[in-house]
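Chains, contacts and geometry: an overview
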Amino acid sequence: METGRPIVAIVGRPNVGKSSLFNRIAGNSHAVVHDTPGVTRDRNYADVEWEDRSFTIVDTGGLDIDPGDQLIDNVQSQVNAALAEASLVLFVVDARTGIMPHDMAVVDKLRASDKPIFLVVNKVDNDRFRNEAAEFYALGLAEPLWTSCVQNDGIRELLDRVVETLPETDETAHDAPATVKIAIVGRPNVGKSSLINSLLGEERLIVDERPGTTRDAVNIRIVHDNIPFEVVDTAGMRRKSAINDELESATVQRAIHSIRQSDIAVLVLDATQDVAQQDKAIAHFIQRQGKASVLVINKWDLIDKDNTTHPTFMHAIDAQLPQLGYVPRVFASALSGQRVTQILTTALEVYREYCTHIPTPALNELLTELRNAHPPPRVKSARPALKYITQVETKPPTFLIFGRNVHRVQQPYESYLVNSIRKEFGFHGTPIRIFYRRS
Ligand code: GDP
Ligand code: GDP
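Residues numbered from 1 in each chain as written. Chains lettered and ligands numbered in written order. Predicted model: local features only at pLDDT ≥ 70, side-chain atom pairs only at ≥ 80, totals over all residues. Heavy atoms only, no water.

What about the site of ligand 2?
Inspection of the region around ligand 2 gives 17 residues, with N189, K192, S193, S194 and D301 positioned closest. Residue A334 places a main-chain N or O atom 2.8 Å away from an oxygen atom belonging to ligand 2. Within the backbone of L335, a nitrogen or oxygen atom sits 3.3 Å from an oxygen atom of ligand 2. Coverage of ligand 2 by the protein amounts to 83% of the 580 Å² it exposes when considered alone. The element contributing the most residues to the shell around ligand 2 is helix α7 (residues 192-202), with 3 residues. Looking at the shell around ligand 2 residue by residue, the class counts come to 5 nonpolar, 7 polar and 5 charged. (Near = heavy atom within 4 Å. Polar contact = N/O pair within 3.5 Å; in protein donor to acceptor, adjacent residues only side chain to side chain. Areas by Shrake-Rupley, 256 points an atom, 1.4 Å probe, with all protein chains shown as cover. Helix = DSSP H or I, 4+ residues; strand = E, 2+ residues; numbered from the N terminus. Nonpolar A, V, L, I, M, F, W, Y, C, P; charged D, E, K, R; others polar.)

Below, the structure written as C-alpha cells:
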C-alpha cells in the first residue's frame, strides 16, 4: 500500500454486509484490489479512485471472531484499530435487524472520536426499511446513509460523500519521490569525506550544494537513478583536514546533529579497525531516533580476502553491533570506487522499507498465527491477550496492539513479534516500534 493515501475503514459486527460493501465500492469505482500477502481470504484492501481523489478502502472484518462474550471485545478492538489507522470510518449496521447490542458496544467509541464517522445502514433493499429509520438517528452519529449491496443502491452517493469529506493529502508524495535525506556518519578517518568525493565523481547529475540549516553545515544534493538524495551536514568532509583531530565527543555530537536532520543514517566503519565505543554510541542513537540505516564497511581494498573474509566480518559486526542486526551492509572502497554507488541504491531500498505501510488484515493474520504458535506468557497470573494490530505510522514503521493486560508484554515476547514482522514483511534497515493500548 502506498503511504500518503488516506485510509477508509469499514467496521461493524459480523453479517451486516461489510465485505459486500467493500466489493461494491471496489466494483463501482474500478478500484485496484490487492490480495493481501499471506492472507488466504482475498480482497482485503483496495486503492479507490473517485472524482479525482484516491483513498484506500480497508475491510477490517474477517477477524477470528470468538463466540460469546469475546465478540464485543473483538469488535471493540477492531474499532479502536480502525480509528487509529483510518482518516474516515464507515460504520455498517443492518436495516433488517435494527440496532443490536453489539452495535451499541462501539457507538460510544465512535462518537468520542474526532474522525469523520459515516453511519451506513445497509440491506435497505426497498423503501420499507427507511421508514423504520428513527432508531438509527437516535445513535447520535451523523445522518445515516442508506445502501443496498444486493441492489447496488446508494454506493455512488456514499463514494461522493467520502471524497467530499476526506482530508486533503499530499498528492505530490505519489508523483515524485521525496528527497531522501542521508547522514554520513562515523569516526574521524573512516573515509566519510572520501566517500562523498567519490560519489560526487561518480554521479554527474549534481543539483546543487547549498547551505544547510546550521551556520557551518553544507548539504549536497545528488541525483541517482532519478531519485534526489540530499547528503546533510557535509561541512568539513570535503576539506578533510578540518575534522581529523576532532575530539571523540565532538564526533558523536556532530553525528547526532546530522542524524536528526535525515531519514537514513549511513554509518561508516573502517574495515581495518575494530568497532569502537563511538560507533556503538552512534548506532544506539540512530536506533533511538527511529532512523533507518545502512552500514558501510569502507577501505575494503585494504583487506586481504579469501572465502572466509566476508562471513568473518559479518559475524564480527553482529557481535559488536548486535542492535543493528537488521541493517544491510555494504563493503566498499572510497579509494577504488568499489560499491560506492551501491550505498545509494541500498539507502533507497531501505528508505522504501522505512515508508512501507502494511495493511491491517495482513497484520492481523500474522498476529493470529503468532498468538496460536506462542501465546504471550503469563506475568503475575495475568496473561496478556493480544487482540488486534494495526500500523499507525511509517518512518519508522510503528504498530499499535490492542488487547487485555498488554502492559504486561515482556521484552522477549516483543522481540518475537518484531522478528516475526520482519520475517514476514521485510523492513530491512529500519527500526520497528510497537505500542500497546488496553481495550
Ligand atoms: P460481513 O460479515 O459484515 O462482511 O457481511 P457480508 O458482506 O458477508 O454479508 C452478510 C450477509 O448479508 C450475506 O449473506 C450477504 O449476502 C447479505 N447482504 C449483504 N448486503 C446486503 C443487502 O444490501 N441486502 C440484503 N438483503 N442482504 C445483504
Ligand atoms: P573522514 O575523516 O571520515 O572524512 O575520512 P577521510 O575521507 O578524510 O579519509 C581518511 C583517510 O583514509 C584518508 O587518508 C583517505 O585517503 C583514506 N581512505 C578513505 N577511504 C579509503 C578507502 O576506501 N581505501 C583506502 N585505502 N583508504 C581510504
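Description of the confidence of the model for the chain
Detailed reading of the predicted coordinates is not advisable wherever pLDDT falls low. Confidence in the prediction for the chain averages 82 pLDDT; 83% of positions are at 70 or higher. Mean pLDDT values over the elements of the chain span from 42, in helix α6 (residues 172-175), up to 98, in strand β13 (residues 292-298). Predicted confidence for residues 204-215 stays below pLDDT 50, and this span has 23 contacts to residues more than four positions away or in other chains. Reported confidences for the modelled complex are a pTM of 0.65 and an ipTM of 0.61. (pLDDT = per-residue confidence, 0-100. Contact = heavy atoms within 4.5 Å.)

A word on the sheet that holds strand β16 (residues 398-404)
The 3 strands are arranged β15-β16-β17 in an open sheet whose pairing can be described as mixed. A strand with exactly one partner marks an edge of an open sheet, and here the two such strands are β15 (385-393) and β17 (433-438). Recorded for the sheet is a direction-independent mean angle of 25° between the axes of neighbouring strands. Contacting β15 and β16, helix α12 (residues 360-373) runs over the sheet at an angle of about 145° to β15. (Pairing = 2+ DSSP bridges. Axes fitted to C-alpha atoms, helices over the stretch in contact; angles between N-to-C directions.)

Some words on the pattern of salt bridges
Summed over all chains, the structure comprises 8 salt bridges. The partner of D318 in a salt bridge is R329, with the nearest N and O atoms 2.7 Å apart. Here R329 lies in strand β14 (residues 329-331) and D318 lies in helix α10 (residues 309-320), a separation of 11 residues in the sequence. Accessibility expressed as a relative area gives 15% for R329, which makes it buried. (Salt bridge = Lys/Arg side-chain N within 4 Å of Asp/Glu carboxyl O. Buried < 20%, exposed > 50% of the residue type's maximum accessible area, 1.4 Å probe, protein only.)

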